[in-house]
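A structural walkthrough
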Amino acid sequence: MADTKREVERKYEGPLAGGDPALPDLTRVPGVSGVLDKGVADLDATYYDTADQRLAAASLTLRRRTGGDDAGWHLKLPVSEGVRDEIRAPLSDTVPPSLSSLVRSRVREAALVPVVRLRSARDVRHLVDASGALLAEVSVDHVRAERLSGGTGVAEWTEIEVELADDGDPAFLDKVEKKLRKAGLTRSSSKSKLAKALADTDADADSAQVEDAGRAGRKKPADTAPRTAGDHVLAYLRTQRDAIIELDPAVRRDLHDSVHSMRVATRRMRSAFRSYGKVLDRAVTDPIGEELKWLAGELGVGRDQEVLAERLTEALDGLPEALLTGPVRDRLRTWSQARGEGSRRHVIAVLDGSRYLGLLAALDAAVDDPPLLKAAAGDPAKVITKAVRKDFAKVSALVDEALGLAPGADRDLAMHEARKKAKRTRYAAEAAVPALGGPAAGLVKSMKSLQSLLGDHQDGVMARETLRDLAGRAHEAGESAFTYGVLYGREERRAAEAEAALPGVWEPIRGGGGI
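Residues numbered from 1 in each chain as written. Predicted model: local features only at pLDDT ≥ 70, side-chain atom pairs only at ≥ 80, totals over all residues. Heavy atoms only, no water.

Concerning the layout of surface pockets
Of the volumes computed, that of the largest pocket is approximately 1,300 Å³. Taken together, 41 residues form the lining of the largest pocket, with Arg 263, Arg 267, Asp 304, Arg 419 and Lys 423 sitting closest to its centre. Residue assignment for the lining of the largest pocket shows that the elements contributing at least two residues are α8 (258-275), α9 (282-317), α13 (409-436) and α14 (438-476). Counting residues per element, the lining of the largest pocket draws most heavily on α9, which supplies 12 residues. A breakdown of the residues in the lining of the largest pocket according to their chemical character gives eight nonpolar, 13 polar and 20 charged. (1 Å grid on protein atoms, 1.4 Å probe; cavity = no way out; pocket = protein on both sides within 12 Å on 5 of 7 lines; lining within 4 Å. Points joined across faces, edges and corners; volume = space filled by probe spheres on them. Helix = DSSP H or I, 4+ residues; strand = E, 2+ residues; numbered from the N terminus. Nonpolar A, V, L, I, M, F, W, Y, C, P; charged D, E, K, R; others polar.)

Here is the structure:
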């Protein structure tokens, strides 16, 4: 069983006290009333990675550690600068499945092997306030690193680590840092002990390369400005590929909005393949696009459920008590939870499957060895503008078709199709922003507004279908279906308002002519 701890810390180095960094008097830090000596802990940690260091390349660390008060397996996932989520699991001889699954999008089929052993003597002090509450833990770590694979050698160093107490104010770390800087200490040049160990125990290693290498063990492409149409398209595709890989652990952990974000990345990538078919050979990218469509659909099982549940719950909250008859909330909650739990298990099974790994490999190949066509070498302004205008023309035709239909199922379908094309045009324009600037950014904004209106309309269509289903179940159980009818009527009115608003939203966009 794994548990999670949010870790907010900073590391420091500097020559003091005979060549080693030493702590100044921290009782003078504002807010600190006492510095408690907690003694020295002997820590022994073995870090695991693939032979080509895929985890280190993504700033992930996986270790098995004994000693101290948190012995066990630890996986650290970066959140932001100086902030990581530490996922913990009990000690065992092999990597726990609860942790190995969280790095599967990086590791793929490669083995996790011991790469570095770090033995540390950690001299710990607690900074406490006037009530004795912990503000931060400060430690002086004397570290000895031994390379176990992928290199040889040992290294030794001393560093100071300051870790904020749980739920502490990050601004407190600035106060501690001010005191440390006055004493001659500076932020560590390495992001982590592991990164420093990998660099210092291998004469051929470059710490920047270790920390910033490309995804899944590949080297990052040269950091140069895009020049050709192909450069711009590939930069956009690479960002989406990386997002899918990086979001995998968050989806498995069921973090807020993670499923939606991964689904959006798959759609952006698939849309770019189709919009820029003159840049990348669609004979190669279309099969990948179908697999992206599959993944988006599998992810959507949970996302669509979540959106509907939120919409219907909000609608119920807005009803007067006099219009609530029968156990409507209980039925909606049971429906939502039952389908939500099933969808989560389904998504995890998808991410654990071989088809998903095959898709990741195909995405790597598409961006690392792209099937470029002649237009890829062309002027971005010409090639990209032509592609975006083509998508915009399709949106225009579909919106005009929807406006020409009477309210009903045919109009609902036409608006749904227009929504999908608006989304595709928006993504094509997103990829075009670095090349085309303001006009493309303006089109992104316009398509987002159109997509929002059409999306709310489509959500209403799905909500009405769900309400009919729930009302039928309630009737079969001998419950009143009155409230479901009230909600259905409100959804019909909301749809009518969206349809009435569409001309006012669309006319200024069409008048602008896209880009």
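Some thoughts on empty space enclosed by the protein
Unfilled space is identified by rolling a water-sized probe across the atoms. With the rule as written, the count across this model stands at two cavities of 30 Å³ or more. Roughly 50 Å³ of internal volume is contained in the largest cavity. Along the walls of the largest cavity sit Lys 11, Glu 13, Trp 157, Glu 159, Ser 188, Ser 189, Ser 190, Ser 192, Lys 193 and Lys 196, which together make up its complete lining. The set of elements that each furnish at least two residues to the lining of the largest cavity consists of β1 (3-13), β8 (154-164) and α5 (193-200). Among the residues forming the lining of the largest cavity, the class breakdown is one nonpolar, four polar and five charged. Taken as a whole, the second largest cavity holds about 40 Å³ of empty space. Contributing to the lining of the second largest cavity are Leu 312, Leu 316, Val 328, Leu 332, Leu 467, Leu 470, Tyr 484 and Leu 487.

What about the pattern of salt bridges?
All told, the structure shown has 53 salt bridges when counted by the stated rule. Lys 11 serves as the salt-bridge partner of Glu 9, at 3.3 Å between the closest nitrogen and oxygen. Among the residues examined, Glu 9 registers a relative accessible area of 7% and is labelled buried. Its relative accessible area of 10% is what places Lys 11 among the buried residues. Between Lys 193 and Asp 141 there is a salt bridge whose closest N-O contact spans 2.9 Å. Residue Lys 193 is located in helix α5, and its partner Asp 141 is located in strand β7 (residues 134-147); the two are separated by 52 residues in the primary sequence. Judged by relative accessible area, Asp 141 falls into the buried class, the value being 0%. (Salt bridge = Lys/Arg side-chain N within 4 Å of Asp/Glu carboxyl O. Buried < 20%, exposed > 50% of the residue type's maximum accessible area, 1.4 Å probe, protein only.)

Structural notes on the packing of α8 against α13
Where α8 contacts α13, the axes come no closer than 9 Å and their chain directions differ by 80°. One element, α8, and the other, α13, form an angle in the roughly perpendicular class. Within the contact between the two elements, α8 uses Val 264, Arg 267, Arg 268, Ser 271, Arg 274 and Ser 275 and α13 uses Lys 423, Arg 424, Arg 426, Tyr 427, Ala 428 and Glu 430. (Axes fitted to C-alpha atoms, helices over the stretch in contact; angles between N-to-C directions. Parallel < 35°, antiparallel > 145°, perpendicular 65-115°, else oblique. Contact = heavy atoms within 4.5 Å.)

Focus on the pairing of strand β4 (residues 72-80)
As defined by bridge partners, strand β3 (residues 61-66) adjoins β4 across five bridges and the pair is classed as antiparallel. Bridge pairing in β4 links Leu 62 to Leu 75. As paired strands, β4 and strand β5 (residues 83-89) are joined by seven bridges and run antiparallel to one another. Residue pairing for β5: Leu 77 is matched across the bridge by Asp 85. Where β4 folds back on β5, the antiparallel hairpin that results is connected by two residues, among which Gly 82 adopts a positive phi of roughly 80°. (Pairing = 2+ DSSP bridges.)

Note that all results are geometric; they support no functional claim without further evidence.
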